[in-house]
Amino acid sequence: TRGGKTAERAVGKLIEHILERYHETHRREFPQAIELARTVERVHAGDPDCPRGLADHLAVMADDLEGHQLKEENILFPTMLAGSCGVLRFPISRMMAEHDDVYEQLDRLAALTRDFTPPRDACKTWRALSQACRKLDRDLREHMRLENDVLFPHFL
């Protein structure tokens, strides 16, 4: 049907947007944020405001996210594009559960960075780190909103 083809095209465009705007961006930006965090933690180790453990937290987030994105890229999205709706209920519920875990990780990220606010006298690197973490938070929240509220409902 004509409406079905239009919906399929819309889903295809949405998946393409998610892959390009979010998956590739996360893969590029997480390593940069981790490097900034390692530098800040090393240089400012004696500062009581130092975001101790932030680099490790970002590394865990990046690792978890990579596994999640690979499942979407290799299994979920191709199945969606093939129009196999019936088999998607469990994989989608699994992805949504993983999204819930990311929300918890983002809460911890906000706590470690004091809501993405560097100290008043912070160096350029610390300021860049705060901005990078704020952007990761914003991008991940929008990425998950698009999947949970726009993409997944097409298949449930």
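In case you missed it, the structure is sitting above this.
Residues numbered from 1 in each chain as written. Predicted model: local features only at pLDDT ≥ 70, side-chain atom pairs only at ≥ 80, totals over all residues. Heavy atoms only, no water.

**Regarding the nonpolar core**
Judged by nonpolar contacts, the single largest core of 23 residues is most densely connected at Phe30, Leu54, Leu58, Leu106, Leu109, Cys133 and Leu140. Broken down by secondary-structure element, the contributors of at least two residues to this core are helix 1 (2-43), helix 2 (54-81), helix 3 (89-112) and helix 4 (124-151). Looking at which element gives the most residues to this core, the answer is helix 4, with six residues. Apart from the residues lying within four places of it in its own chain, the contact partners of Leu54 are Ala37, Glu41, Leu109, Leu112, Thr113, Leu129 and Cys133. (Core = buried A, V, L, I, M, F, W, Y, C linked by side-chain atoms within 4.5 Å. Buried < 20%, exposed > 50% of the residue type's maximum accessible area, 1.4 Å probe, protein only. Helix = DSSP H or I, 4+ residues; strand = E, 2+ residues; numbered from the N terminus. Contact = heavy atoms within 4.5 Å.)

**Details of helix 2**
Residue Glu72 marks the point of greatest curvature in helix 2, where the axis turns by about 40°. Inspection of helix 2 places Leu54, Ala55, His57, Leu58, Met61, Leu65, His68, Gln69, Glu72, Leu76, Phe77 and Met80 among the buried residues, and these make up the whole buried set. Count one or two residues on from helix 2 and you reach Gly83, which has phi positive near 80°. (Bend = angle between axes of the 7 residues up to and from the residue.)

**Here's the deal with the pattern of salt bridges**
The tally for this structure, following the rule as stated, stands at 13 salt bridges. Asp56 is the salt-bridge partner of Arg38, the closest N and O atoms lying 3.4 Å from each other. Of the two residues, Arg38 sits in helix 1 while Asp56 sits in helix 2, which places them 18 residues apart along the sequence. Residue class for Arg38 comes out partly exposed when judged on its relative accessible area of 37%. Among the ionic contacts, a cluster of salt bridges with common partners joins Arg21, Glu29, Lys135 and Asp139. (Salt bridge = Lys/Arg side-chain N within 4 Å of Asp/Glu carboxyl O.)

**Remarks on the side chain of His99**
Along the chain, His99 turns up in helix 3. Using a relative accessible area of 2% as the deciding quantity, one classes His99 as buried. Within polar-contact distance, the side chain of His99 engages the side chain of His68 at 3.1 Å. Not counting residues within four places of it along the chain, the set of residues in contact with His99 comprises His68, Glu72, Met144, Glu147, Asn148 and Phe152. (Polar contact = N/O pair within 3.5 Å; in protein donor to acceptor, adjacent residues only side chain to side chain.)

**Describing the state of the cysteines**
Enumeration according to the criterion identifies zero disulfides in this entry. As a non-bridged cysteine, Cys50 has Cys123 as the owner of its nearest cysteine sulfur, 10 Å distant. Here Cys133 is not cross-linked by a disulfide; its sulfur's nearest cysteine counterpart is in Cys50, at 12 Å. According to the relative accessible area criterion, Cys133 is buried, its value standing at 0%. (Disulfide = S-S within 2.5 Å.)

**Observations regarding the packing of helix 2 against helix 3**
Relative orientation of the contacting elements helix 2 and helix 3 amounts to 160°, with a least axis distance of 11 Å. Between helix 2 and helix 3, the angle falls in the class roughly antiparallel. Helix 3 is crossed by helix 2, and the crossing has left-handed handedness. Contacts from Leu54, His57, Leu58, Val60, Met61, Asp64, His68, Lys71, Glu72, Leu76 and Met80 of helix 2 reach helix 3 at Pro91, Ile92, Met95, Glu98, His99, Gln105, Leu106, Arg108, Leu109 and Leu112. (Axes fitted to C-alpha atoms, helices over the stretch in contact; angles between N-to-C directions. Parallel < 35°, antiparallel > 145°, perpendicular 65-115°, else oblique. Left-handed = near helix turned anticlockwise from the far one by under 90°.)

**Some thoughts on unusual backbone geometry**
Although it is not a glycine, Arg114 adopts a positive phi angle of roughly 50°. As for its position among the elements, Arg114 is in the loop between helix 3 and helix 4. Overall, Arg114 belongs to the partly exposed group, its relative accessible area being 48%. Positive phi, close to 65°, is recorded for Phe116, a residue that is not glycine. In this fold, Phe116 is placed in the loop between helix 3 and helix 4. The exposure class of Phe116 is buried, given its relative accessible area of 10%.

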